[in-house]
Amino acid sequence: MGNTAKYTAGNGTKEALEGLSVDAPDPKIYQKVKANWDSIAKPLDGFGKFEELTAQIGAAQGTEEVDISRKAVIILCADNGIVEEGISQSGQEVTLAVAREMAKGISSVGKMAAAIGADTIPVDIGINYEGQVEGVLCRNIRNGTRNFRKEPAMTEEEALGAIFTGIGLAADCKEKGYQILATGEMGIGNTTTSSAVAAALLGCRAEEVTGRGAGLCDGKLLYKKQIIAEALEKYQLYHADPLTVLRTVGGLDIAGLAGVCIGGALSHLPVVLDGVISMVAGLLAERLVPGTAKYLIPSHKGKEPAVEKMVNELGLSPVIDGNMALGEGTGAVMMMSLLDLALCVYRGKTSFSDIQVEQYQRF
């Protein structure tokens, strides 16, 4: 294990996880926010999906006075043992290097978050490094997962520890007054782990959900798909429960992000998902604690083929179609900036009477 600051997340158990339940967002608040949008001087449904999303946020927060001015981006950093198989262009040293840049606020997500007034919270949940990364919150479960081609990536205890770590991070953000969370991650090899988890949860072949990640050539992409397909068969994951899927082929970042989603729902905090890794975590969270998805806000479609299947399964509709594949939470931060713009109109409340125009009516 190596790191002297290992974190056990309160020794969360499978029984404790199974005992969690999520309150549904308030449907009356949802309808009230929608009605408020109709009273604003603009065409009915003029802000399209943003009217629905802000209503969802209000219902989650329990107020029609929707406010997301206090924002946090939780970025979970972890390494993946499957990198040993050569399924990525770079090695695990990149995870540590980028985590250090995140701590300084100079990675892509740090610059974007600063531009919209969001706080970034980089977290070491499983970096393969002996010691603590300055400026990165240490919640290290272990120094990277095992190579799932050879053995399961995690023990059940480790997977649960990561999940409950994420739940705790969300609860802490709620206590500190944050009103909305965004999910981010950093970990070389995590499009392989996320594709494997997605394939198992969705009952899809590896070929249907596996993409190029950070830019694999055709030969390495084929190899990546073969490794995932072999693991799905070897561990019989099409017939496994979600926790077993996670601990067998998942990553500590995915587990922690699933916990952030669950913790957000438990704390009535909306959680903005980023790309494929966050989407997998969101789907896993919904499978582990039903009702969590009602608190999840989509951001962008991304390049990985698994995303479209997962948003359909979760009933989400991403707004941004920018062919993005950066990760770190960048798409989620971009989405929060768009929500800010929509809410400046909602909270401004310019009425039809203000502009001396008769209000539109629904028929």
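See the structure above.
What this report covers is the structure whose coordinates are included nearby. Computed from a prediction, not measured in an experiment: that's the story for all the values here.

The rules behind these values
- Residues numbered from 1 in each chain as written.
- Predicted model: local features only at pLDDT ≥ 70, side-chain atom pairs only at ≥ 80, totals over all residues.
- Heavy atoms only, no water.
- Salt bridge = Lys/Arg side-chain N within 4 Å of Asp/Glu carboxyl O.
- Helix = DSSP H or I, 4+ residues; strand = E, 2+ residues; numbered from the N terminus.
- Contact = heavy atoms within 4.5 Å.
- Polar contact = N/O pair within 3.5 Å; in protein donor to acceptor, adjacent residues only side chain to side chain.
- Buried < 20%, exposed > 50% of the residue type's maximum accessible area, 1.4 Å probe, protein only.
- Core = buried A, V, L, I, M, F, W, Y, C linked by side-chain atoms within 4.5 Å.
- Phe/Tyr/Trp six-rings, centres within 6.5 Å; stacked < 30°, edge-to-face > 60°.
- Pairing = 2+ DSSP bridges.
- Axes fitted to C-alpha atoms, helices over the stretch in contact; angles between N-to-C directions.
- Expected span 1.5 Å × (residues − 1).

Description of the pattern of salt bridges
Point 1. Per the stated rule, a full pass over the model turns up 18 salt bridges.
Point 2. Put simply, Lys150 and Glu84 hold a salt bridge, and the shortest N to O gap is 3.4 Å. Taken together, the residues span a long stretch of sequence, with Lys150 in the loop between β3 (137-138) and α6 (156-175) and Glu84 in the loop between β1 (71-78) and α4 (93-104) at a distance of 66 residues.

Remarks on the environment of Ser299
Point 1. Relative to the elements of secondary structure, Ser299 occurs in the loop between β6 (296-297) and α13 (306-314).
Point 2. Sequence separation of Ser299 and Met334 is 35 residues, and the distance between their C-alpha atoms is 7.8 Å.
Point 3. If we ignore the near neighbours within four places in the chain, the residues touching Ser299 are Val272, Leu273, Asp274, Pro318, Val319, Ile320, Gly331, Ala332 and Met335.
Point 4. Within the structure, the side chain of Ser299 is placed 2.6 Å from the backbone oxygen of Leu273, a separation counted as a polar contact.

Some words on unusual backbone geometry
Point 1. Of note, His268 is a non-glycine position whose phi angle comes to about 60°, a positive value.
Point 2. Look at His268 and you get partly exposed, because its relative accessible area is 25%.

So, the nonpolar core
What tends to happen in soluble globular proteins is that the nonpolar side chains get buried as a cluster.
Point 1. In terms of nonpolar packing, the biggest core is built from 118 residues, with Val73, Ile74, Ile163, Leu181, Leu246, Val249 and Met310 touching the most fellow members.
Point 2. Setting aside chain neighbours within four positions, we find Leu181 in contact with Ala72, Ile74, Ala170, Cys173, Val260, Leu269, Pro270, Val271 and Val272.

Re the packing of aromatic side chains
Point 1. Inspection of the entire model under this criterion finds three aromatic pairs.
Point 2. Pairing Trp37 with Tyr346 gives two aromatic rings, centres 5.3 Å apart and planes at 50°, and the pair type is tilted. A residue pair is termed long-range when its members are at least 10 positions apart, and Trp37 in helix α2 (residues 27-39) and Tyr346 in helix α14 (residues 330-348) qualify at 309 residues.
Point 3. Accessibility expressed as a relative area gives 2% for Tyr346, which makes it buried.
Point 4. With a centroid separation of 5.6 Å and 80° between ring planes, the pair formed by Phe352 and Tyr360 is classed as edge-to-face.

Section: the sheet that holds β6
Point 1. Strand order across the open sheet formed by six strands is β3-β2-β1-β4-β5-β6, with parallel pairing between neighbours. Because the sheet does not close on itself, it has two edges, and the strands there are β3 and β6.
Point 2. In this sheet, strand β2 (residues 118-126) lies alongside β1 in parallel orientation, the contact comprising eight bridges. Among the inter-strand pairings, Ile75 is bridged to a residue of β2, identified as Pro122.
Point 3. Its contacts with the sheet place α4 against β1, β2 and β4 (180-186), and it is angled at close to 145° to β4.

Observations regarding α6
Counting along an α-helix, one turn takes 3.6 residues, and residues three or four places apart therefore face a common direction.
Point 1. Along its 20 residues, α6 runs 29 Å from first to last C-alpha, staying within 8% of the 28 Å computed at 1.5 Å per residue.
Point 2. Phi turns positive, to about 95°, at Gly177, one or two residues after α6.

A look at the pairing of β1
Point 1. In terms of burial, β1 is a largely internal element, eight of the eight residues being buried.
Point 2. Alternating residues of β1 divide into Lys71, Val73, Ile75 and Cys77 and Ala72, Ile74, Leu76 and Ala78, and every residue in both groups is buried.
Point 3. Note that β1 and β4 share seven bridges and pair parallel. Note on β4: the bridge partner recorded for Ile75 is Gly184.

Function cannot be read off these values alone, since they describe shape.
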